[in-house]
Amino acid sequence: MTAPAAAPADSGTRTSGPLLLGIRHHGPGSARGVTAALDAARPDAVLIEGPAEADALAALAADPETRPPVALLAHAVDDPGRAAFWPFAAFSPEWTALRWALDRDVPVRFVDLPAAHTLAADPTWGDGEEEADGTPRTDPLAELARAAGHRDPEQWWEDVVELRGDTDPLAPFAALAEAMTALRERDGHGGHPRDLVREAHMRLRLRAARKEFGDAVAVVCGAWHVPALALRTTVAADRALLKGLPKVRTEVTWVPWTHRRLARSSGYGAGIESPGWYGHLFAAPDRPVERWMTKVAGLLREADHPVSSADVIEAVRLAEALAALRGRPRPGLPETTDAVRAVLCEGSDVPLALVRDRLVIGDALGEVPPAAPAVPLQRDLDRLRRSLRLRPEADERALDLDLRGTTDAARSRLLHRLRLLGVDWGAPAPGRTGTGTFRESWRLRWRPELHVRVAEAGVWGTTVEAAATARAESRALAADTLGEVTDLAERCLLAGLADALPTVLGALADRAALDTDVAHLADALPALARALRYGDVRGTGTAALADVAAGLADRVCVGLPPACAGLAPEAAAAMRDRLDALHPAITLLQDAAPGPRPDPSPDPAAGGAPAGLAARWAGVLRRLAETERTPGAVRGRAARILLDEGRLTDDEAARLMGLALSPGAPPASAAWIDGFVGGTGGGLLLVHDERLLALLDRWLSGVPAEAFTDVLPLLRRTFGAYEPGVRRALGELAARGPGTARRTAAVPGFAAAPDTARAAGVLPLLDLVLGTEAAA
């Protein structure tokens, strides 16, 4: 094979011309081979597959604060969401070549197509990560493994490259170059259409390097590209392929990466199945199996799984025996995994899943130096996280904050501001029971693609606070629904964005004034109540928000009863859930108010006198509980809330239940029961109040057989949600006859025996309606 410009290119022996080292991305065997080949050849310059703009960043790889895995990140300046990554692990051949050159002051050049062209031609793939390596349509490893009689390309690659040692460091590269040449000739290229353009640019960069440094140049690139770089072409032909390519203004920097994002399952095109295992092979070339079993034993012991030194020795012996039986040069990942399962995990796949997640894949997170280029917003974020002692980690971890502390309050504001900007470093998690609103719980996990999100958010400002404020104001003005603005107001208070509140509250007042749907108003009120509560905890002024919330509460109290009339079952269930959310919200609003808020209209339930918000709400609930046009689920839940609050006596609750459980309408009665005793505490209410249980038992016993199948599913859902102990107690009460002593006595709403005189009072009306009197 010959290189461009008629100079010979050497892919296996080092006689003259450029040294073409075809590698597999992220292969530890290739990485060791590249180092050995460079040591033997001592080139005057090293060319590496990567975006050409990265030349200016190469020196940062030698910075003491740089720790792989890292990645080159390129993004379009005017559209930061359009981005691409070029990852490097410690065992990546490109990284070892880069470090070899920097450690020896050998010039380094990146020769792949500039990111300015790559990002202009292709939109962002998947979740913001582009497959920057241009994986060929033909899978060369699969083809070569198939030709060698192997079904598993990963195992074949391990056998021929990763697990063998060669006295001649150039021998594997010569064999790979010959194999790739045959594949490309057979398939007529067979690669990604973009490869032809990329390879033309690589050839041009190779020509320039040879002109500058002579033939003593080494090229480290994917093995698939080696035949193209050795191809004899003209400068004009290569430039013709590059002519007219679209171009965008880009910025390139180093960012931290993780082993998990190197895995093929993450969607990265040049990924590998086991980055943690490959990293181990690279870091421990001597006695890798013994060292691996020791690491596995340490992990299992940390998880309280008993593993002895004898177990480790036996696992090593089994792995070596399996390798011999399977004809492999040394134990690979399948052999070590089988040995770990059989010996260290005692045949169980449960601890083995931990080994795979933590060691075979791993969550190693790299670091980049502060000198790496970054957008101003990223620099401000780095400054804040260092001052607040928040370290990005690839492993998910819990963070509990006490908002009464200055540092924890600042951490909370930072995390909430980042969420407003779409940078989800942390996600809120349920807090510890009983700690109130002074506590916040988070689940933190840093992912490499969050650097892209930070770059995207940079259009809103140069600091986290300024960017979050601008973003909140923009969202408030663009919001279409009341719910969006109320949610935004709550998030602004959580994030401590005082400068954004006037705009957000103005939009909130406008939307609330125009929205006439009581359901929308009811859905918005709980978020406002929580926002007022958060404002109290964080010391944020919320006077304007309190006025909006109070006005909203007034409109809900006026409009809710008519809005509940005649609802379909699905709508009634949704309204019942709204009552559950509205009640604590009203309580919070009442507590937040400086004093009782006078009711502009008399409340009949309160004797016609002006009442506070809580009393007015109780009147609304009473009207809902006593109005027959209100669906059973809503009536039952309103009665239950009143009973829990002590605004309804036991006798009144029994009367309402007696009226609701009419034998003539079993499905509607079942809905009332679901509303009254469904949810938290409903079962205990029946356990401790046998009168209500007796009423329920009597009604259920009297349901006609033809209606029972309609009632049963709803009742099973209601009672099936109770705790096992509650269900057992109810069963015991039902078995001995709940309220037996009371069954013979009068129950509110019922007489001890039928009152025939009162029943006869309807006969004249029936005669008139049915015409029976005239007929007689």
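Quantities reported herein were computed from a predicted structural model and do not represent experimental measurements.

Calculation notes
- Residues numbered from 1 in each chain as written.
- Predicted model: local features only at pLDDT ≥ 70, side-chain atom pairs only at ≥ 80, totals over all residues.
- Heavy atoms only, no water.
- Helix = DSSP H or I, 4+ residues; strand = E, 2+ residues; numbered from the N terminus.
- Buried < 20%, exposed > 50% of the residue type's maximum accessible area, 1.4 Å probe, protein only.
- Pairing = 2+ DSSP bridges.
- Axes fitted to C-alpha atoms, helices over the stretch in contact; angles between N-to-C directions.
- Contact = heavy atoms within 4.5 Å.
- Expected span 1.5 Å × (residues − 1).
- Polar contact = N/O pair within 3.5 Å; in protein donor to acceptor, adjacent residues only side chain to side chain.

Visitor: Explanation requested: unusual backbone geometry in the structure shown.
Guide: Glycine aside, a negative phi is what most residues show, and trans is what most peptide bonds show. Looking along the chain, the bond that leaves Pro68 and enters Pro69 is cis, with omega of 10°. Structurally, Pro69 can be placed in the loop between strand S2 (45-51) and strand S3 (70-76). Backbone geometry at Glu346 places phi at a positive 55°, although glycine is not the residue there. As for its position among the elements, Glu346 is in the loop between helix H14 (333-344) and helix H15 (349-361). Using a relative accessible area of 62% as the deciding quantity, one classes Glu346 as exposed. You will see that Arg389, though not glycine, has its phi angle at about 55°, which is positive. One can find Arg389 in the loop between helix H16 (376-387) and strand S8 (397-402). On the basis of relative accessibility, which here comes to 59%, the residue Arg389 falls in the exposed class.

Visitor: What is the right way to read the sheet that holds S8 from this model?
Guide: Backbone hydrogen bonds hold the strands of a sheet together, and the pairing may be parallel or antiparallel. As summarised here, the arrangement of the three strands in space is S8-S10-S9, forming an open sheet in which the pairing is antiparallel. Edge positions in the sheet fall to S8 and strand S9 (426-429), since each of these pairs with one other strand and no more. On average, each strand axis in the sheet is tilted by 35° relative to the strand beside it, whichever way the strands run. Examined bridge by bridge, S9 and strand S10 (residues 439-444) share four bridges and lie antiparallel to one another. From the neighbouring strand, Ala429 faces S10, where its bridge partner is Ser441. Here helix H17 (residues 406-420) sits on the sheet and contacts S8, S9 and S10; the angle it forms with S8, its principal contact strand, is near 120°.

Visitor: Sorry if this is basic, but what is going on with the sheet that holds strand S7 (residues 250-256) here?
Guide: Spatially, three strands are ordered S4-S3-S7 in an open sheet, and the strand pairing comes out antiparallel. Across the chains shown, the open sheet's two edge strands, defined by having one partner strand only, are strand S4 (79-88) and S7. The mean inter-strand angle of the sheet, taken between neighbouring strand axes irrespective of direction, is 25°. Of the pairings in the sheet, the one linking S3 to S7 comprises seven bridges and is antiparallel in character. Each bridged residue has a counterpart across the sheet, and for Val70 the counterpart in S7 is Pro256.

Visitor: Can you walk me through the pairing of strand S6 (residues 217-222) in this structure?
Guide: On any regular strand, side chains alternate: one points to one face of the sheet, the next to the other face. For S6, a buried count of six out of six residues is recorded, marking the element as mostly surrounded by other parts of the structure. Across four bridges, the pairing between S2 and S6 is parallel. Residue pairing across strands places Ala45 opposite Val217, the latter belonging to S6.

Visitor: Please explain helix H6 (residues 171-187) as it appears in this structure.
Guide: Because an α-helix packs 3.6 residues into every turn, residues spaced three or four apart end up facing the same way. An ideal rise of 1.5 Å per residue puts 24 Å on 17 residues; H6 measures up with 25 Å between its terminal C-alpha atoms. Residues of H6 that are buried: Phe173, Leu176, Ala177, Ala179, Met180, Thr181, Leu183 and Arg184. On its buried face, H6 is in contact with strand S1 (19-23), helix H1 (28-41), helix H4 (140-147), helix H5 (153-162), helix H7 (193-213) and helix H8 (226-229).

Visitor: I tried to follow H17 on my own but got confused; where do I start?
Guide: Compared with the 21 Å implied by 1.5 Å per residue over 15 residues, the 21 Å span of H17 between its first and last C-alpha is a close match. With eleven of its 15 residues buried, H17 lies for the most part within the structure. Just downstream of H17 lies Gly422, where phi reads positive at about 85°.

Visitor: Before we go on, may I ask you to explain the environment of Glu212 in this structure?
Guide: Inspection of the secondary structure puts Glu212 in helix H7. Here the side chain of Glu212 touches Arg109 through a polar contact of 3.5 Å, side chain to side chain.

Distances and angles like these do not, on their own, reveal function.
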